[in-house]
Amino acid sequence: MMDQELTHLIKMTNQIAAHCAPGEPSSVAADRAANHLTRFWAPSMRFQIKGYLLEDGSLLDDIAKDAVSRLA
Amino acid sequence: MLQYFDPRQCSNPEIDYGTPSAQGVLVSLTIDGRTIEVPEGTSIMRAAMLAEIKIPKLCATDSLEAFGSCRLCLVQIEGRRGLPSSCTTPVEQGLVVQTYNPRLALVRRNVMELYISDHPLDCLTCPANGNCELQDVAGEVGLRAVRYGFEGENHLAAERDTSHPYFSFDASKCIVCSRCVRACEEVQGTFALTIDGRGFDSKVAAGQDESFFDSDCVSCGACVQACPTATLMEKTVIEQGQPEHSVITTCAYCGVGCAFKAELKGDQVVRMVPYKGGAANQGHSCVKGRFAFGYATHKERVTTPMIRDSIDASWQKVSWDEATTFAANRIRQIQQEYGSDSVGGITSSRCTNEETYLVQKLVRAAFGNNNVDTCARVCHSPTGYGLKATLGESAGTQAFDSVEQADVIMVIGANPTDAHPVFASRLKRRLRAGAQLIVADPRRIDLVSGPHVQAGHHLKLLPGTNVALINALAHVIIDEDLQDQRFIDARCDLEAFARWRAFISEPRNAPEALSAALGVPAETLRSAARVYAKAGNAAIYYGLGVTEHSQGSTMVMGIANLAMLTGNLGREGVGVNPLRGQNNVQGACDMGSFPHELPGYRHVSDDQVRQVFEASWGVSIGAEPGLRIPNMLDGAISGTYKGLYCQGEDIAQSDPNTHHVEAALRNLDCLIVQDIFLNETAKYAHVFFPGASFLEKDGTFTNAERRISPVRRVMQPLSGKADWEATMAFSNALGYPMAYQHPSEIMAEIASLTPTFSGVSYQRLDQEGSLQWPCNDAAPSGTPTMHVDQFVRGKGYFERTEFIETEEKVNRRFPFLLTTGRILSQYNVGAQTRRTANIGWHEQDLLEIHPHDAENLGINDLDAVQVASRAGETVLTALITDRVQPGVVYTTFHHPESGANVVTTDNSDWATNCPEYKVTAVHLKKVERPSDWQTEHRAFTETQVSLLTQATKRALDETA
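This is a predicted model, so every value here is computed, not measured. (Residues numbered from 1 in each chain as written. Chains lettered and ligands numbered in written order. Predicted model: local features only at pLDDT ≥ 70, side-chain atom pairs only at ≥ 80, totals over all residues. Heavy atoms only, no water.)

Participant: Even after reading the chapter, I still don't get the overall build of chain A, so can you show me in this structure?
Facilitator: The helix and strand inventory of chain A stands at four helices and zero strands. N-terminal to C-terminal, the α/β element order of chain A is α-α-α-α. On C-alpha atoms alone, chain A measures out to a radius of gyration of 11 Å, which is about the 11 Å that the 2.2 N^0.38 rule sets for 72 residues. Looking at chain A residue by residue over its 72 residues, the buried ones come to 47%. Put simply, of all contacts in chain A between residues at least 6 apart along the chain, 62% involve residues at least 24 apart. Of the accessible surface of chain A, which amounts to about 3,400 Å², a share of 56% is contributed by carbon and sulfur atoms. Mean positive and mean negative side-chain charge positions of chain A (7 and 9 charges, respectively) differ by 7 Å. (Helix = DSSP H or I, 4+ residues; strand = E, 2+ residues; numbered from the N terminus. Rg over C-alpha atoms; globule rule 2.2 N^0.38 Å. Buried < 20%, exposed > 50% of the residue type's maximum accessible area, 1.4 Å probe, protein only. Contact = heavy atoms within 4.5 Å. Areas by Shrake-Rupley, 256 points an atom, 1.4 Å probe, with all protein chains shown as cover. Lys, Arg positive; Asp, Glu negative; His and termini not counted. Charge placed at Lys NZ, Arg CZ, Asp CG, Glu CD.)

Participant: Sorry, what's going on with the pattern of salt bridges here?
Facilitator: A side chain with one charge may pair with a side chain of the opposite charge, provided their charged atoms come close. In this structure the tally under the stated criterion is 47 salt bridges over all chains. The closest approach of N and O atoms between A:Asp31 and A:Arg70, which form a salt bridge, is 3.5 Å. Pair noted here: A:Asp31 is in helix α2 (residues 26–40) and A:Arg70 is in the segment after α4 (62–69), with a separation of 39 residues, a long-range link. Judged by its relative accessible area of 36%, A:Arg70 falls in the partly exposed class. Linking B:Arg526 and B:Glu480 is a salt bridge whose minimum nitrogen-to-oxygen distance equals 2.9 Å. Here B:Arg526 is found in helix α17 (residues 522–534), whereas its partner B:Glu480 is found in the loop between α13 (466–479) and α14 (485–491), with 46 residues between them in sequence. (Salt bridge = Lys/Arg side-chain N within 4 Å of Asp/Glu carboxyl O.)

Participant: How should I be thinking about the interface of chain A and chain B in this particular structure?
Facilitator: Counting residues at the interface gives 25 residues for chain A, matched by 31 residues for chain B. In total, about 2,300 Å² of surface goes out of reach between chain A and chain B, with carbon and sulfur atoms giving 51% of it. For the interface between chain A and chain B, the tally reads three salt bridges. B:Glu799 is paired through a salt bridge with A:Arg32; the nearest N and O atoms lie 3.3 Å apart. The tally of links between chain A and chain B comes to 12 residue pairs in polar contact (both at pLDDT 80 or more). Among the elements of the structure, α1 (4–19), α2 and α3 (43–55) of chain A are those that each provide at least two residues to the side of chain A that touches chain B. Its residues assigned to classes, the side of chain A that touches chain B comprises 10 nonpolar, eight polar and seven charged. (Buried area = accessible area lost by both parts, 1.4 Å probe. Polar contact = N/O pair within 3.5 Å; in protein donor to acceptor, adjacent residues only side chain to side chain. Nonpolar A, V, L, I, M, F, W, Y, C, P; charged D, E, K, R; others polar.)

Participant: What is the right way to read unusual backbone geometry from this model?
Facilitator: For residues other than glycine, phi is negative in most cases, and the peptide bonds are mostly trans. Residues and elements named next belong to chain B. Looking along the chain, the bond that leaves Trp 773 and enters Pro 774 is cis, with omega of 0 degrees. By secondary structure assignment, the location of Pro 774 is in the loop between β32 (771–772) and β33 (816–821). Unusually for a residue other than glycine, Asp 32 sits at a positive phi of about 50 degrees. Summarising the element assignment, Asp 32 is placed in the loop between β2 (26–31) and β3 (34–39).

Participant: Help me understand the environment of B:Gly344, please; the structure alone is not making it clear to me.
Facilitator: Residue and element names in this part refer to chain B. Tracing the sequence through the fold places Gly 344 in strand β16 (residues 343–347). Between the C-alpha atom of Gly 344 and that of Leu 627, which follows or precedes it by 283 residues, the distance is 8.0 Å. Sequence-distant contacts of Gly 344, defined by excluding residues within four places in its chain, comprise Val 363, Phe 367, Asn 371, Tyr 641, Gly 643, Leu 644 and Tyr 645.

Participant: Could you clarify how one ought to interpret helix α15 (residues 494–505) of chain B in this entry?
Facilitator: For the α-helix, the turn length of 3.6 residues means that residues three or four positions removed from each other point alike. Residues and elements named next belong to chain B. The terminal C-alpha atoms of α15, which comprises 12 residues, lie 16 Å apart, in line with the 16 Å expected from a rise of 1.5 Å per residue. Within the span of α15, buried status applies to Ala 496, Phe 497, Trp 500, Phe 503 and Ile 504. Summarising the axial view, the buried residues of α15 lie within an arc of 125 degrees, below the 170-degree limit, and thus occupy one face. The N-cap of α15, judged by a side-chain oxygen 3.1 Å from the amide nitrogen of Glu 495 a few residues on, is Asp 493. (Expected span 1.5 Å × (residues − 1). Arc of directions from axis to C-beta.)

If you want it as structure tokens, here you go:
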């Protein structure tokens, strides 16, 4: 079973991707979501979500995937 | 000639001028040979008082309009017949007034004689002795005898009403001046009191001639304050006598930030009296601030530091040194084992600015990370995010005074009469003067319909549809061309506006398209939008019904959009006004309590800002954001986050999804709780630092209008240390030295590091009473209204606000929506108010349910009802009421055993993680017994209380 923390991070990432630039082209939305994650998420959280994208990533929506892949 | 420009703020709050101030052109008149100029509309009584001529009076007081009933303030005016009352007679150019001559003296003495002929002459044993206007005036008019005797019909045997826990009503002492009745009407706006009967039978009656406790009295204390005799008197004064000195301080309950005179004998507070000079409350109060201060000396206060190795062990009472060393060692061990980022802190919105500042400084400088957050996370974090993005500053735009200029007031997701009662009274006063009211709330709050207040529109939307509402309103304004295009062109980012305009104009944002989702008829939405756009000055006041949603930040941006769209920003009477829940939630946010921001809302990634703090603090500060409260709890469960310093917050009760919070707290290796009581969170703690109530320390609070007000110590800290001293001791034990001698030194440091605070100092606060930030060289007297000529961010930014439904939806398994709120007599988790007589008004949290739903489920009033969500279940007592709409249930969360947050989920605002307290899909079922959680909670509480009692006993044994 996936740990609760990662479940929350995936949910939050999808939520941010969906809400932070609705209606904008997906690349703009992904960019803004990545920026949001950089400005508001602790590095440990970003590290985990990046790890998840590399290992699996299936529960991340498309814009969320794109956003996470843009994280430094 | 003396000239009086007489605005409210220039008069002396210690003097009763008899009637309110007026504003108008100056007119000159002569009173007792002295010529003075005062504004037109001023009464002769007030003009005389301004010239330091005191006219005897009983029914007049300057918080109320003139009434002219007592006939003591009569004066003689040259060229006029009779003896007019000076309170009801306005000044006129050239009047020549005499306030004293033999004729006036005789009439006054005769009037006074009549009053005293029906008044008990027990002055020496009367609780008002030493503070009785009737006694004073009898002295002033020189009454020496009562010729009528006391044998005739009188009221001396009238019954006393002692039903109220905080004051008594002794009708035998009443002079029927109506000050109490008028205070209830004019100041409080409740209209609970009336004069019953006529002529000699006239008497003050509460409600429908009920006892005060049973009536619709809201216990604000305005009547007690207004009473010139001992008729309405605080029970504490009856028991203890008149106070002998007083200290002006700021209330520690809600975000209104009322100024109070703490009136004392020695270091015992006898009563708290609202201070007329307080800019936020102007002499008014509510039941909490006025009366519910007894918690500060409650027997359950924990006043000794305590430690223990595990949460199953009994507490050990130790010295401050031992406690701070123990805590510091544990934190350092954890950091060695799990890394520097495995610990963090939570600052309190209940503590002072200086104290929250110190905790975030301790986390950043001594813990060496940015893992600091504050309880604003769970209430107004979306306000900070949304207003910063659109307007450029994370704060409300107006002073409370602004409401007096509003023509239409829109209240969204706030319940001011319960949660911000003193502001609600000002708001209602404006409504009675003719302003229009729009209420957007799933529930029929008191403001919707009350004495002389009626909302023109009650938009009874379904929980979770706020953004649809704000979009529909904005759509109408564009659709019907009601926007203030000149304002937009001059003040806003036009590219963003064009994009937003295209979005909002789409047919899917029309009221007709959104009406079904909202549960509000399209025509009602259109009509409300027209009222908001066309009325002139339109002001929005909002609360946690806006922020505590998965789209909380989006909704805040939608509100800002609506205000910009109609040009309702940058002047008095308008604006975007978040009503803050806690006394210092604004201040806690200002002070750098968020993991991504240093004091003054500056992002930690800003090198220049960081360097300023690094130079002052002598440490390096991380450029990356730290963990927020929900992230800390997740980390605790997964085992990466191990130590927490929690200052004055009860996350075990106040945060959502209690099961999750409890599991996280149990997983911590070191939980340090600083509080005045062993709260729910402290039951999981390893270290307890005893906190100090607001009466025990100096500092400042910042209220919802950005007003920084002084908090002044009236008694020694019961634990020996105020909270700022406890944090300093902990920091010193951690090896990061702090050596402030007084909170004023902490404020000086804040001012030196924070541009919006650079003009703030204790000296200036003493001079001005309070200051609204930004307060600096550009605004030396502070800033009542923000964004006057331009927005803080430069151009106002229209953010696109797509309505995206929450994932928390009803289905066949969970067919009802639960929403939560507060009640007047209680405050948040209830730790304070439950420990006062306020408990008499709210012995338990109730589940409000619509009669139709109750009938379908076979639920009767006071039945036990199981409320189950995807997160957990609890059992509450039913209250059947049509305040809620069918399909929606409502409860408060003031009692820990209610477990309201066992039911709420970990859904949260997309931008800030502010929990979605306001929407939980639930299943309801009539049951016979408490939930498993409640049974376990009771057992756990019993265990923890016994572990505390053992510590108390052991300490006693050791001292014996």
